[in-house]
Amino acid sequence: MRTMKAQHSNGRGRSPFLTSYALTLAFITFVSVLYFKDFSSTLHQPFLNRPPPHHRRGGQISRPLRHAHHGGNGNAAEQHRAAAATQQLPFAVGAAPAGCDVGQGEWVYDEAARPWYQEEECPYIQPQLTCQAHGRPDKGYQHWRWQPRGCSLPSFNATLMLEMLRGKRMLFVGDSLNRGQYVSLVCLLHRLIPESSKSMETFDSLTVFRAKDYNATIEFYWAPFLAESNSDDAVVHRIADRIVRGTSIEKHAKFWKGADILVFNTYLWWMTGQKMKILQNSFEDKNKDIIEMETEDAYGMVLKAVLKWVESNMDPKTSRVFFVTMSPTHTRSKDWGEDTDGNCYNQTTPIKDLSYWGPGTSKGLMSVIGEVFGTSKIPVGVVNITQLSEYRKDAHTQIYKKQWNPLTPEQIANPKSYADCTHWCLPGLQDTWNELLYSKLFFP
């Protein structure tokens, strides 16, 4: 009241009512500004970051989140630059916590939150990946959730993703492991789409899932080396003597044009244990000019050709590009410390040693990925699925899949002899790969 009296004595002829009114109006304005600022920031926070219930609801596939809180000790300039970069990336709706490496963490058993869907609910899973339908007796491999160290991944929200893909074309390009990730994503999304409004068709090397109500497609294109090769037939490609036609990618790249989101992978087919054969002329030429190159050199050469195409054909203002790192194998149980002469067959739990890196996963090729895409003129998001997948000796299809050839009596007597320790059951590990891709796409 003393303040009001002082103000009144200094303003002759000013009504006390008007002065009180002005002060009240000023206070309301001040509070409104603070509230609006907080409300505005809330609007700009993606709703995925709010702790959702521990169950599925509508289109949201979610789990409890514990986001890292950051104090005032960070570098403000770096955070500002990171925020500015995020605003420039298409499809981004938020930003990852500063200093969060989602590739480092541990697997947490969580029956309440995993799996996101049931095998029988997704008709698009190939019989090579339907482990339950082919007699796998355990389901534990479906219940593991990846927990990054010191932060959390945003919850996968199928509704948001479909809305963001409205009118867009998303294309996966690579080998059968990339196809598994592609099918996983379709399984995560398709339940929101009425049966009459979705379809999946295959045209030679191209498979197209169409969400008609969204005018969107999610596609997969078979190109195991990314460059032209003698393994390009999407059905008949089991060729021991693999040949890559140098940096020739146009045969495949003509199918990549027009994609709004590109997701590449290539690795498994390079692991021959020998030098790579590189064709310098055409497969149609009678006398083929073939040279041999070290695998790392040939791998880098092809990735550089892909990157050159990306820089010339993808608009960073409207499109995004990703590269998924190597998918490990688990062919020798002695590698992770077991005494038995086994492999992934009958494995039911992940490897607990967080330093584990299998001898079959090439650190040299991993370095090439970083070197090549680190020079890119446009952003290329590297989705590092390798370390977290190294732990998952339990998640392979093992013997529980469609066998393309009749089993011999010797194989039947020794199941580990024909166990597939390369590919992964669905639902399972590759759903987590898509969780990482989702994070990179929407929260870079």
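Residues numbered from 1 in each chain as written. Predicted model: local features only at pLDDT ≥ 70, side-chain atom pairs only at ≥ 80, totals over all residues. Heavy atoms only, no water.

Under an unreviewed UniProt entry, the name given to the protein is Trichome birefringence-like N-terminal domain-containing protein, and the source organism is Urochloa decumbens. UniProt lists a comment for the protein under the heading Sequence similarities (unreviewed entry), and it reads "Belongs to the PC-esterase family. TBL subfamily." According to UniProt, the comment filed for the protein under the heading Subcellular location (unreviewed entry) is "Golgi apparatus membrane". (UniProt positions renumbered as here; feature names shortened; annotations may be inferred.)

**What to know about the pattern of salt bridges**
Per the stated rule, a full pass over the model turns up 14 salt bridges. For E163, the salt bridge goes to R166, with nearest N and O atoms at 3.0 Å. In this structure E163 comes out as partly exposed when scored by relative accessible area, which is 39%. When its relative accessible area of 38% is taken as the criterion, R166 is described as partly exposed. The partner of D232 in a salt bridge is K251, and the shortest N-O contact between them spans 3.2 Å. Of this pair, D232 sits in the loop between β6 (216–222) and β7 (243–244) while K251 sits in helix α6 (residues 250–253), placing them 19 residues apart in sequence. (Salt bridge = Lys/Arg side-chain N within 4 Å of Asp/Glu carboxyl O. Buried < 20%, exposed > 50% of the residue type's maximum accessible area, 1.4 Å probe, protein only. Helix = DSSP H or I, 4+ residues; strand = E, 2+ residues; numbered from the N terminus.)

**Considerations on empty space enclosed by the protein**
Scanning all chains against the criterion turns up 2 cavities of 30 Å³ or more. A volume near 80 Å³ is recorded for the largest cavity. Surrounding the largest cavity, 13 residues form its lining, R114, Q142, W144, G428 and D431 being those nearest its centre. Broken down by element, the lining of the largest cavity gets its largest block of residues, 3 residues, from helix α11 (residues 429–442). The class makeup of the residues in the lining of the second largest cavity is 6 nonpolar, 1 polar and 1 charged. (1 Å grid on protein atoms, 1.4 Å probe; cavity = no way out; pocket = protein on both sides within 12 Å on 5 of 7 lines; lining within 4 Å. Points joined across faces, edges and corners; volume = space filled by probe spheres on them. Nonpolar A, V, L, I, M, F, W, Y, C, P; charged D, E, K, R; others polar.)

**Some remarks on the sheet that holds strand β4 (residues 198–203)**
Read across the sheet, 7 strands follow the order β4-β5-β6-β3-β8-β11-β12 without closing on themselves; strand pairing throughout is mixed. Edge positions in the sheet fall to β4 and β12 (380–383), since each has one partner strand and no second. Between one strand axis and the next, the sheet turns through 15 degrees on average, direction left out of account. Judged from the 4 bridges that link them, strand β3 (residues 169–174) and strand β8 (residues 261–264) form a sheet pairing that is parallel. From the neighbouring strand, V173 faces β8, where its bridge partner is F264. (Pairing = 2+ DSSP bridges. Axes fitted to C-alpha atoms, helices over the stretch in contact; angles between N-to-C directions.)

**Comments concerning unusual backbone geometry**
The peptide bond linking R114 to P115 adopts the cis configuration, its omega dihedral lying at 5 degrees. With respect to the secondary-structure elements, P115 resides in the loop between β1 (105–109) and β2 (144–148). The peptide bond linking L426 to P427 adopts the cis configuration, its omega dihedral lying at -5 degrees. Note on placement: P427 falls in the loop between β14 (420–424) and α11. Phi at N215 is positive, roughly 50 degrees, even though this residue is not glycine.

**A short note on the state of the cysteines**
Inspection of every chain in the model, using the stated rule, returns 4 disulfides. In this model C100 forms its disulfide with C151; the gap between the sulfur atoms is 1.8 Å. Taking the sign of the S-S torsion, 60 degrees for the link of C100 and C151, the bridge is right-handed. Of this pair, C100 sits in the loop between α3 (76–88) and β1 while C151 is found in the loop between β2 and α4 (158–164), placing the two residues 51 residues apart along the sequence. Given a relative accessible area of 3%, C151 falls into the buried group. Covalent S-S linkage joins C344 and C421, the inter-sulfur distance amounting to 2.1 Å. (Disulfide = S-S within 2.5 Å.)

**Some details on the nonpolar core**
In this structure, M161, W256, L262 and F264 are the most contacted members of the largest nonpolar core, which totals 103 residues. No other element matches the 9 residues that helix α7 (residues 295–313) contributes to this core. Apart from residues no more than four positions distant in its own chain, W256 is found in contact with R169, L171, V173, Y221, L226, I249, L262, F264 and W309. (Core = buried A, V, L, I, M, F, W, Y, C linked by side-chain atoms within 4.5 Å. Contact = heavy atoms within 4.5 Å.)

**Looking at the environment of H423**
Tracing the sequence through the fold places H423 in strand β14. Leaving out residues up to four positions away in the same chain, H423 has contacts with L129, S176, L177, A395, H396 and T397.

**So, the sheet that holds strand β9 (residues 276–279)**
Strand order in the open sheet formed by 3 strands is β7-β9-β10, and the pairing between neighbours is mixed. Two strands close off the open sheet at either side, each with one partner strand: β7 and β10 (290–293). Sheet analysis places β7 next to β9, joined by 2 bridges and oriented parallel. Across the sheet, I243 pairs through a bridge with K277, a residue of β9.

**Structural notes on α11**
With 14 residues, α11 extends 20 Å between its outermost C-alpha atoms, agreeing within 8% with the 20 Å of an ideal straight helix rising 1.5 Å per residue. The element α11 is extensively covered by neighbouring structure, given that 13 of its 14 residues are classed as buried. (Expected span 1.5 Å × (residues − 1).)

**Here we look at helix α8 (residues 363–373)**
All of the buried residues along α8 are G364, L365, M366, V368, I369, V372 and F373. On its buried face, α8 sits against α7, β11 (320–324), β12 and α9 (386–390). N-capping of α8 is provided by S362, with a side-chain oxygen placed 3.3 Å from the backbone N of G364. (Polar contact = N/O pair within 3.5 Å; in protein donor to acceptor, adjacent residues only side chain to side chain.)

**Focus: the pairing of β9**
As defined by bridge partners, β9 adjoins β10 across 4 bridges and the pair is classed as antiparallel. Following the sheet pairing, K277 is matched in β10 by E292.

**Side note on the packing of aromatic side chains**
The full count for this structure, using the stated rule, is 19 aromatic pairs. A ring pair is formed by F323 and F373, whose centres lie 5.0 Å apart and whose planes are at 35 degrees; its orientation type is tilted. Residue F323 is located in strand β11, and its partner F373 is located in helix α8; the two are separated by 50 residues in the primary sequence. Grouping aromatic residues by their ring pairs yields a cluster made of W116, F156, Y438, F442 and F443. Looking at R392, its charged tip hangs above the ring of W107, at a distance of 4.6 Å from the centre. (Phe/Tyr/Trp six-rings, centres within 6.5 Å; stacked < 30°, edge-to-face > 60°. Lys NZ or Arg CZ within 6 Å of the ring centre and 35° of its normal.)

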